[in-house]
Amino acid sequence: MARVNAFRASILHCLADPGSGISSSAVEYFKDGVLVVSDGVVSEIGPADTLLPSLSGNIELTDLTGKLIIPGMIDCHVHYPQIDIIASYGEQLLDWLNKYAFPMEAKFSDAAYASEVANFFAEALLRNGTTTALVFATVHPQSVDAMFSAAKQRNMRLLTGKVVMDRNCPEALRDSAETAYRESRELIERWHGDGRLGYAITPRFAVTSTEAQLESMGKLANEFPDVHIHTHLAENRAEGDLVAAQFPWSRSYLDVYKRYGLVRERSMFAHCLHLDQEDRQTMGELNGSIAFCPTSNLFLGSGLFDLRSAEEAGIRVGAGSDVGGGTSLSMLTTLSEGYKVLHLQDQSFPPFKALYMATLGAAKALYLDDKIGNFAVGKEADFVVLDAMSAPMTARRLSRTDDVAEKFFALLMLGDDRAVSATYVMGKPAYIAGRAGVPIKTL
Ligand code: GUN
Ligand code: ZN
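All figures in this text were calculated on a predicted structure; none of them were measured in a lab.

(A) Representation of the coordination of the zinc ion (ligand 2). Distances from the zinc ion (ligand 2) to its protein donors, namely His77 (NE2), His79 (NE2), His232 (NE2) and Asp322 (OD), fall within the range 2.0 to 2.2 Å. Taken together, the four donor atoms coordinating the zinc ion (ligand 2) and their angles of 87 to 169 degrees define a geometry best described as irregular. Here the donor residues of the zinc ion (ligand 2) share one chain and are spaced in sequence as H-x1-H-x152-H-x89-D.

(B) Fine view of the environment of Ser88. By the secondary structure assignment, Ser88 is in the loop between strand E5 (73–79) and helix H2 (93–106). Sequence-wise, Ser88 and Gly324 are 236 residues apart; in three dimensions their C-alpha atoms are separated by 8.4 Å. Those residues within four positions of Ser88 in sequence are excluded, and the remaining contacts are Trp96, Tyr100 and Phe299. A polar side-chain atom of Ser88 sits 2.7 Å from the main-chain carbonyl oxygen of Ile85.

(C) A look at the pairing of strand E11 (residues 267–271). Counting buried positions along E11 yields five of five residues, so the element is predominantly enclosed. Across three bridges, E11 lies against strand E12 (residues 289–292) in parallel orientation. The partner of Ala270 across the bridge, within E12, is Ala291.

(D) Spotlight on the nonpolar core. Counting residues in hydrophobic clusters, the biggest one holds 116 residues, and the most contacted among them are Tyr80, Leu233 and Met283. A total of eight residues in this core trace back to one element, the largest contributor, which is helix H3 (residues 111–127). Discounting chain neighbours no more than four positions away, the residues touching Tyr80 are Phe108, Ala114, Val117, Ala118, Phe121, Val135, Phe136, Ala137, Ser143, Ala146 and Met147.

(E) Summary view of the site of ligand 1. The environment of ligand 1 is made up of His79, Gln82, Leu93, Trp96, Leu97, Arg204, Phe205, His232, Glu235, His271, Leu300 and Asp322. Taking Gln82, its side chain carries an N or O atom lying 2.8 Å from an oxygen atom of ligand 1. One of the side-chain N or O atoms of His232 is found 3.5 Å from a nitrogen atom in ligand 1. The element contributing the most residues to the shell around ligand 1 is H2, with three residues.

(F) Summary view of the side chain of His228. If you trace the backbone, His228 turns up in strand E10 (residues 228–233). For His228, the side chain forms a polar contact with the main-chain oxygen of Leu366, separated by 2.8 Å. Setting aside chain neighbours within four positions, we find His228 in contact with Leu159, Tyr199, Ala200, Ile201, Arg266 and Leu366.

(G) Highlighting the packing of helix H4 (residues 141–153) against helix H5 (residues 177–191). One way to put it is that H4 packs onto H5 with a least axis distance of 11 Å and a crossing angle of 20 degrees. In this view, H4 runs roughly parallel relative to H5, as classed from their interaxial angle. In terms of crossing hand, the pair formed by H4 and H5 is right-handed. On H5, the residues that touch Pro141, Val144, Asp145, Phe148, Ser149 and Lys152 of H4 are Glu183, Leu187, Arg190 and Trp191. Partitioned by chemical class, the residues of the contact of H4 with H5 number five nonpolar, one polar and four charged.

(H) Main features of the packing of aromatic side chains. Inspection of every chain in the model, using the stated rule, returns 17 aromatic pairs. Both rings, one in Tyr80 and one in Phe108, keep their centres 5.6 Å apart while their planes meet at 80 degrees; by these two values the pair is edge-to-face. Pair noted here: Tyr80 is in the loop between E5 and H2 and Phe108 is in the loop between H2 and H3, with a separation of 28 residues, a long-range link. For the pair formed by Tyr80 and Phe108, the shared burial category is buried. Between the aromatic rings of Tyr253 and Tyr257, the centroid separation amounts to 5.6 Å while the plane-to-plane angle is 35 degrees, which identifies the pairing as tilted. Of this pair, Tyr253 and Tyr257 both sit in helix H8 (residues 253–259), four residues apart, which is roughly one turn of that helix. A relative accessible area of 1% places Tyr257 in the buried class. Taken together, the aromatic side chains of Phe7, Phe375, Phe383 and Tyr424 make up a single cluster linked through ring pairs.

(I) Geometry of the packing of H5 against helix H6 (residues 211–223). The N-to-C vectors of H5 and H6 enclose an angle of 25 degrees; their axes lie 8 Å apart at closest approach. It follows that H5 is roughly parallel to H6 by the angle criterion. Classified by chirality, the crossing of H6 by H5 is right-handed. Two secondary-structure elements touch here, H5 through Ala177, Ala180, Tyr181, Ser184, Arg185 and Ile188 and H6 through Ala212, Gln213, Ser216, Met217, Lys219, Leu220 and Glu223. By residue class, the composition of the contact of H5 with H6 is seven nonpolar, three polar and three charged.

(J) Quick look at the pattern of salt bridges. This structure, assessed with the given rule, holds 25 salt bridges. With a closest N to O distance of 2.5 Å, Arg196 and Glu380 form a salt bridge. Taken as a pair, Arg196 in the loop between H5 and strand E9 (197–203) and Glu380 in the loop between helix H14 (360–365) and strand E14 (383–386) lie far apart in primary sequence, 184 residues in all. An identical accessibility class is assigned to Arg196 and Glu380; each is buried. Linking Glu278 and Arg251 is a salt bridge whose minimum nitrogen-to-oxygen distance equals 3.3 Å. Of this pair, Glu278 sits in helix H9 (residues 277–285) while Arg251 is found in the loop between helix H7 (237–246) and H8, placing the two residues 27 residues apart along the sequence. Residue Glu278 is classed as partly exposed on the basis of its relative accessible area, which comes to 46%.

About the criteria used
- Residues numbered from 1 in each chain as written.
- Chains lettered and ligands numbered in written order.
- Predicted model: local features only at pLDDT ≥ 70, side-chain atom pairs only at ≥ 80, totals over all residues.
- Heavy atoms only, no water.
- Donors = N, O, S within 2.8 Å, 3.2 Å for Na, K, Ca; no water.
- Tetrahedral: all angles 85-135°; square planar, octahedral: opposite > 155°, others 65-115°.
- Helix = DSSP H or I, 4+ residues; strand = E, 2+ residues; numbered from the N terminus.
- Contact = heavy atoms within 4.5 Å.
- Polar contact = N/O pair within 3.5 Å; in protein donor to acceptor, adjacent residues only side chain to side chain.
- Buried < 20%, exposed > 50% of the residue type's maximum accessible area, 1.4 Å probe, protein only.
- Pairing = 2+ DSSP bridges.
- Core = buried A, V, L, I, M, F, W, Y, C linked by side-chain atoms within 4.5 Å.
- Near = heavy atom within 4 Å.
- Axes fitted to C-alpha atoms, helices over the stretch in contact; angles between N-to-C directions.
- Parallel < 35°, antiparallel > 145°, perpendicular 65-115°, else oblique.
- Left-handed = near helix turned anticlockwise from the far one by under 90°.
- Nonpolar A, V, L, I, M, F, W, Y, C, P; charged D, E, K, R; others polar.
- Phe/Tyr/Trp six-rings, centres within 6.5 Å; stacked < 30°, edge-to-face > 60°.
- Salt bridge = Lys/Arg side-chain N within 4 Å of Asp/Glu carboxyl O.

Structure, rendered in structure tokens:
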């Protein structure tokens, strides 16, 4: 017998890209809706008044009336080993890496240390309503084992991989073209496709890899076409100057990754602030994706992401927190800062578009939209229960309007982990704040 659960609440999800309009037929909203989950996947969704009477059998109903269910949010770019250096003062990217990130990452040679941080991080994702993430580990294979184990324990759909770097970094964090290939391959064989886990080949950025190492990663990517590729691109001007000096033959920074076969479906490039039109065209044609990381871009003083130009080139874009360069694991906060970054450039970022970028749009950018991103029947039932009433200011602001787009926008601007009442992974509660989510009635 299938395990069937029904959840009653307001429900909001995207059916397609809402584009730049305020209201949109690309979203579906049920003020009083029901989401039905059978054995962890969505089996029905609809208005309570028609769907509830049609349900029969042994179904557990969780009444979340007054709260809002949205799909589990997706973080397209984040570093779990940097959780303990979040909010470190005063540096731009290259100095920030040397002063804060690299010394912290060196600690992950210790498997027990890595495991403690990975478990904290997985809990923190869930507390923020994030159910899927594409995650940087460190150069140490044991840091990858720790992250995959923590995700597996919670049944989360999660992607991670060993960082590879063989120059311009401390000795303790350096591998080689050969060890990077061998260790990455062993990790793919150990973890890729285990339940909901997927591997990401992770050259840190062009600055920290030799041509031989990038070539070895291209070879590996070619041998495993369904794994992800995860790196940084065109984040900071000084970084770009280094890449131009290290790869004098290259037309552009993107050209370096392209040369080694690292731009394809399932390649995720964080930032992409300093691309030219030809780069965008190439990225669109080769089906690479971009992680838009506004809190990081502001915090590290990197620049402003041009969403309009990326979308005009047909590039898939998802939102990323980029913690610890970013300053919040909350995708609500990330989207709120995204709105401001785009507003500064006279670009629109309406509320449902923002929702899209952390749900269905992010799933498309990760090529996981056949599995997650919205509540289409058959998708994995990862979802978040938002409670706007959990913070007094948010509660007050939202009580001033009945318009869904206006309410959701204010929730995005004001919300953070306090707005997350519960997070469900494949229909089961993985995080519950207070008493929300407790089944109160069996039909
Ligand atoms: N570029 C290379 N490494 C990093 C990192 O750890 N964080 C950010 N934001 N950019 C990078
Ligand atoms: Zn990053």
